[in-house]
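Spelled out, the chains give:
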Amino acid sequence: MPMAKADVNGRPAPDGTRTEVAFTATFDDQGNRAGSGVEDWRAASIRKDKPGHTTDRPEVHAERSLFAERPRQGDRLRRTATGETFEIAEIVPAGSLFIFQLNR
């Protein structure tokens, strides 16, 4: 569901200028350890000893070609399998995919 804010401090409302898109994608809802990213830019390993806390931010991996327009941060996504609605917190382009990091 495309969303927009008429005012920076206002609540988002449906954006009638963009089309809602139904698509099939991979939904991933596993917890990650916040703050335990790659040790440095040359390393390809995760620091296992770095303190952090568990997060529960689901992701959706979808083909970019499914979208006529690029989705935006703040747009809403409804998972038909459960009826849950999520807000797109971040969009990460990854090759031919969009990875949507979601807020509950």
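Note: the structure precedes this text.
Residues numbered from 1 in each chain as written. Predicted model: local features only at pLDDT ≥ 70, side-chain atom pairs only at ≥ 80, totals over all residues. Heavy atoms only, no water.

Novice: For the packing of aromatic side chains, give the residues involved together with the corresponding values.
Specialist: Under the criterion given, the structure shown has 6 aromatic pairs. Taken together, a centroid distance of 4.9 Å and an interplanar angle of 65° make the contact between F23 and F67 edge-to-face. Within this pair, whereas F23 is found in the loop between β2 (13-14) and β3 (26-28), its partner F67 is found in the loop between β6 (59-63) and β7 (76-78), the two being separated by 44 residues in sequence. Its relative accessible area of 28% is what places F23 among the partly exposed residues. Linked through ring pairs, F23, F67, F98 and F100 together constitute an aromatic cluster. Between R79 and the ring centre of F27, over which it is positioned, the NZ or CZ distance is 4.0 Å. (Phe/Tyr/Trp six-rings, centres within 6.5 Å; stacked < 30°, edge-to-face > 60°. Helix = DSSP H or I, 4+ residues; strand = E, 2+ residues; numbered from the N terminus. Buried < 20%, exposed > 50% of the residue type's maximum accessible area, 1.4 Å probe, protein only. Lys NZ or Arg CZ within 6 Å of the ring centre and 35° of its normal.)

Novice: I'd like a rundown of the layout of surface pockets, residues and numbers included.
Specialist: Within this model, the largest pocket holds a volume of roughly 620 Å³. Elements with a contribution of two residues or more to the lining of the largest pocket: β3 and β7. It is β7 that provides the largest number of residues to the lining of the largest pocket, a total of 3 residues. Tallied by class, residues from the lining of the largest pocket come to 15 nonpolar, 4 polar and 8 charged. (1 Å grid on protein atoms, 1.4 Å probe; cavity = no way out; pocket = protein on both sides within 12 Å on 5 of 7 lines; lining within 4 Å. Points joined across faces, edges and corners; volume = space filled by probe spheres on them. Nonpolar A, V, L, I, M, F, W, Y, C, P; charged D, E, K, R; others polar.)

Novice: How would you sum up the sheet that holds strand β9 (residues 97-103)? Please name residues and give values.
Specialist: Reading across the sheet, the 5 strands line up as β3-β6-β9-β8-β7 and stay open at both edges, with antiparallel pairing between neighbours. Both edges of this open sheet fall to β3 and β7, since each of them pairs with a single strand only. Taken over all neighbouring pairs, the strand axes of this sheet differ in orientation by 35° on average, direction set aside. Pairing of strand β8 (residues 85-94) with β9, which is carried by 7 bridges, proceeds in the antiparallel orientation. What sits directly across from A94, in β9, is L97. (Pairing = 2+ DSSP bridges. Axes fitted to C-alpha atoms, helices over the stretch in contact; angles between N-to-C directions.)

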